Amino acid sequence: MVCIAAFIILCLVGIFVAFLSIFRRDIGKKYWAVFKKAWGCVGKKVRLQKCETNFKDDVKNSLLSKVVLKHPKWVKPLGTAIEVSAILIVFITIWSLVEAIKALLALWVFGTCNVSQPASCALGAEVCGIDAPEPTNPIEWTSRWFSEWGEIFINIPDRFQKWQVEDYLVEPYTFISSYQDNKPLALDILDPGCTICMQSYRNQKAAGFFQNYNTVLMVYPIELPDGGYKFNNSDLIARYMHAATALKTEYAPKILDRLFTESNEQGINYQSVLMSMSRNEAEAILQGWLKSFGASKDKITQIAELSQSEQVTEIMQNIKTMVEDRIHAKGIPTLIYDGKKHNGLYK
């Protein structure tokens, strides 16, 4: 283990030695001689051959040479400490490489390097993460670590398949803008409370995305592991939108557009306004919007009653199953168009 640990350290030190050897060639020559010994030792270890003991002794003796003269009794415990440190260095290096490979694979497959906490990955797409519950003990942590590997490998085929929007629709559904023949389908998965979803929607609207694609709206409020929702009142808004769609009205996309693009009299975006309100206050705002869209009093009552029904609850559960189990989204917004799945903010 000492020779392997020495090789790892020498690889890291080599970056600085390479720079110093420009000015001091003797340093580079000495380093290269030691590095070749370390590499030879590691090569033998890989081939399951016995490593030369003199290199291990050279490393230990060079570290303990001054201690031998001043504190002879410290030599044995320090020698043991060197062996333990070598084991730790090798273990940490291997662990780091495994974690790096895992993160890169997750980034390639899911668009995030953290499978369980997607939004915490600085390298991934900007998303509102669909987080897994935090492990509470070492057994749960170990189980989740292995299950993440399983998720990555199981979903590798997603990178190579052709994504057809028709395969991922949940009835009833509505289009964000008027349906037009001869335009391709797109699927837009959004959470009413997600600020990144709001920015993505605005970007799509500004870029003319909704004019170029018949975009199906899939409203998916992110649930927390404890059963609540990630954003206040997002499930209420989703319920009203699903109820409006189930009654074959065109109010759902109008609610979304006002929520994401308009502001109240104080200039505060409606998404922020509804997220900060109580449920009753938010519901009153939604009913006021329906009235302004031209809905009759009876129709508003129908939508309000249906929004709390088992029918809408079942629709939301079907969407949750579709998003998490079939589309395998780890964060939203998620878009499907042109035969591909696109994770995160539309830029």
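Up top is the structure.
Residues numbered from 1 in each chain as written. Predicted model: local features only at pLDDT ≥ 70, side-chain atom pairs only at ≥ 80, totals over all residues. Heavy atoms only, no water.

Enquirer: I'm lost on the overall build of the chain in this one. Help?
Expert: For the chain, the count of helices and strands is 13 helices and 7 strands. Taken over 347 residues, the chain has a buried fraction of 44%. Carbon and sulfur atoms form 59% of the exposed surface of the chain, whose accessible area is close to 19400 Å². (Helix = DSSP H or I, 4+ residues; strand = E, 2+ residues; numbered from the N terminus. Buried < 20%, exposed > 50% of the residue type's maximum accessible area, 1.4 Å probe, protein only. Areas by Shrake-Rupley, 256 points an atom, 1.4 Å probe, with all protein chains shown as cover.)

Enquirer: I tried to follow empty space enclosed by the protein on my own but got confused; where do I start?
Expert: Space left empty within the atom packing is revealed by a probe, the size of a water molecule, rolled over the atoms. With the rule as written, the count across this model stands at 2 cavities of 30 Å³ or more. The computed volume of the largest cavity comes to approximately 100 Å³. Lining the largest cavity are 15 residues, and of these Pro172, Tyr173, Leu217, Met218 and His242 sit closest to its centre. For the lining of the largest cavity, the elements supplying multiple residues, two or more each, are strand 4 (214–219) and helix 8 (234–246). Of all the elements, strand 4 adds the most residues to the lining of the largest cavity, at 4 residues. Considering only residue class, the lining of the largest cavity consists of 12 nonpolar, 3 polar and no charged. Taken as a whole, the second largest cavity spans an internal volume of roughly 50 Å³. Lining the second largest cavity are Phe110, Gly111, Thr112, Pro118, Ala125, Val127, Lys330, Gly331 and Asn343. Among the residues forming the lining of the second largest cavity, the class breakdown is 4 nonpolar, 4 polar and 1 charged. (1 Å grid on protein atoms, 1.4 Å probe; cavity = no way out; pocket = protein on both sides within 12 Å on 5 of 7 lines; lining within 4 Å. Points joined across faces, edges and corners; volume = space filled by probe spheres on them. Nonpolar A, V, L, I, M, F, W, Y, C, P; charged D, E, K, R; others polar.)

Enquirer: Looking at this structure, how should I read the side chain of Gln117?
Expert: Topologically, Gln117 is positioned in the loop between helix 4 (75–110) and strand 1 (128–129). In this structure the side chain of Gln117 is engaged in a polar contact, spanning 3.1 Å, whose partner is the side chain of Glu134. Setting aside its immediate chain neighbours within four residues, Gln117 contacts Asp131, Ala132, Glu134 and Arg144. (Polar contact = N/O pair within 3.5 Å; in protein donor to acceptor, adjacent residues only side chain to side chain. Contact = heavy atoms within 4.5 Å.)

Enquirer: Got a minute to help me understand the sheet that holds strand 6 (residues 334–337) in this structure?
Expert: Paired through their backbone hydrogen bonds, the strands of a sheet run either parallel or antiparallel. Spatially, the 5 strands line up as an open sheet ordered 2-4-3-6-7, and their pairing is mixed. Two strands bound the open sheet, and with one partner strand each, they are strand 2 (174–175) and strand 7 (340–343). As paired strands, strand 3 (residues 185–190) and strand 6 are joined by 3 bridges and run antiparallel to one another. Directly across from Ile189, in strand 6, lies its bridge partner Thr334. (Pairing = 2+ DSSP bridges.)

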